[in-house]
Amino acid sequence: QVQLVESGGGLVQAGGSLRLSCAASGRTFSSYAMGWFRQAPGKEREFVAAISWSGGNTHYADSVKGRFTIARDDAKSTVYLQMSSLKPEDTAVYSCAATIALSGNTYYTEGSRYAYWGQGTQVTVSS
């Protein structure tokens, strides 16, 4: 069992930056592929970024590519999402997700592939 707790959300002006953190419990964090997803009001949840458990592979949604960076610190059992050049359309509840991956190079972009989810943190970008 893995518990995930997100933090770092808040209100920021367009063009600003935020760093989200997702702290995981459990002793096998290094075996988990991790992902970030977001859901805006009235919209479906969408993929944002993913990272393999080796940290060697990452993948981003086209809408955030070049602006967001996902990273992990296995010593702290934490995954981060650094968000820069934020836009009002980035406003959403951001959630992290985790799942066991057999390969260190595997990442997942589909929410259905993840077994564990955090509660989410609100990010609001004002224009």
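You'll find the structure just up there.
Now for a look at the structure at hand. (Residues numbered from 1 in each chain as written. Predicted model: local features only at pLDDT ≥ 70, side-chain atom pairs only at ≥ 80, totals over all residues. Heavy atoms only, no water.)

For the rest of this paragraph, the subject is the pairing of strand β8 (residues 78-83). Counted residue by residue, β8 has five buried out of six residues, so it is predominantly covered. Where strand β3 (residues 18-24) and β8 come together, six bridges link them in antiparallel fashion. Note on β8: the bridge partner recorded for serine 21 is tyrosine 80. Pairing between strand β7 (residues 68-73) and β8: six bridges, direction antiparallel. Bridge assignment links phenylalanine 68 to a residue of β8, and that residue is methionine 83. Between β7 and β8, which pair antiparallel and follow one another directly, the connecting turn spans four residues, one of which, serine 77, has a positive phi of 50 degrees. (Buried < 20%, exposed > 50% of the residue type's maximum accessible area, 1.4 Å probe, protein only. Helix = DSSP H or I, 4+ residues; strand = E, 2+ residues; numbered from the N terminus. Pairing = 2+ DSSP bridges.)

A few words now on the pattern of salt bridges. Pairs can form between side chains of opposite charge whenever their charged atoms are close. By the definition in use, this model includes five salt bridges. For arginine 38, the salt bridge goes to glutamate 46, with nearest N and O atoms at 2.5 Å. Classification of arginine 38 as buried rests on a relative accessible area of 5%. Taking the shortest distance from any N to any O, the salt bridge between lysine 65 and aspartate 62 comes out at 3.1 Å. Overlapping salt bridges bring together Arg38, Glu46, Arg67 and Asp90 as one network. (Salt bridge = Lys/Arg side-chain N within 4 Å of Asp/Glu carboxyl O.)

Met34, Trp36, Leu81, Met83 and Tyr94 are the most contacted members of the largest nonpolar core, which has 38 residues in total. Listed by contribution, the elements that provide at least two residues to this core are β3, β4 (32-39), β5 (46-51), β7, β8, β9 (92-100) and β11 (121-126). Leave out the neighbours within four places in its chain, and methionine 34 touches Leu4, Cys22, Phe29, Ala49, Ala50, Ile51, Ile70, Arg72, Val79, Ala97, Ala98 and Tyr114. (Core = buried A, V, L, I, M, F, W, Y, C linked by side-chain atoms within 4.5 Å. Contact = heavy atoms within 4.5 Å.)

This next bit is on unusual backbone geometry. One non-glycine residue, serine 77, lies in positive phi territory at about 50 degrees. In this structure, serine 77 sits in the loop between β7 and β8. Its relative accessible area of 15% is what places serine 77 among the buried residues. Backbone geometry at serine 85 places phi at a positive 50 degrees, although glycine is not the residue there. Tracing the sequence through the fold places serine 85 in the loop between β8 and β9. With a relative accessible area of 41%, serine 85 lands in the partly exposed category.

For the rest of this paragraph, the subject is the state of the cysteines. Two cysteines form a disulfide when their sulfur atoms are joined by a covalent bond. Within the structure shown, the criterion is met by one disulfide. There is a disulfide in this structure between cysteine 22 and cysteine 96, and the S-S distance comes to 1.9 Å. On the sign convention where negative means left-handed, the S-S torsion of about 55 degrees between cysteine 22 and cysteine 96 marks this disulfide as right-handed. Highlighted residues: cysteine 22 in strand β3 and cysteine 96 in strand β9, separated in sequence by 74 residues. Exposure class is identical for cysteine 22 and cysteine 96. Each is buried. (Disulfide = S-S within 2.5 Å.)

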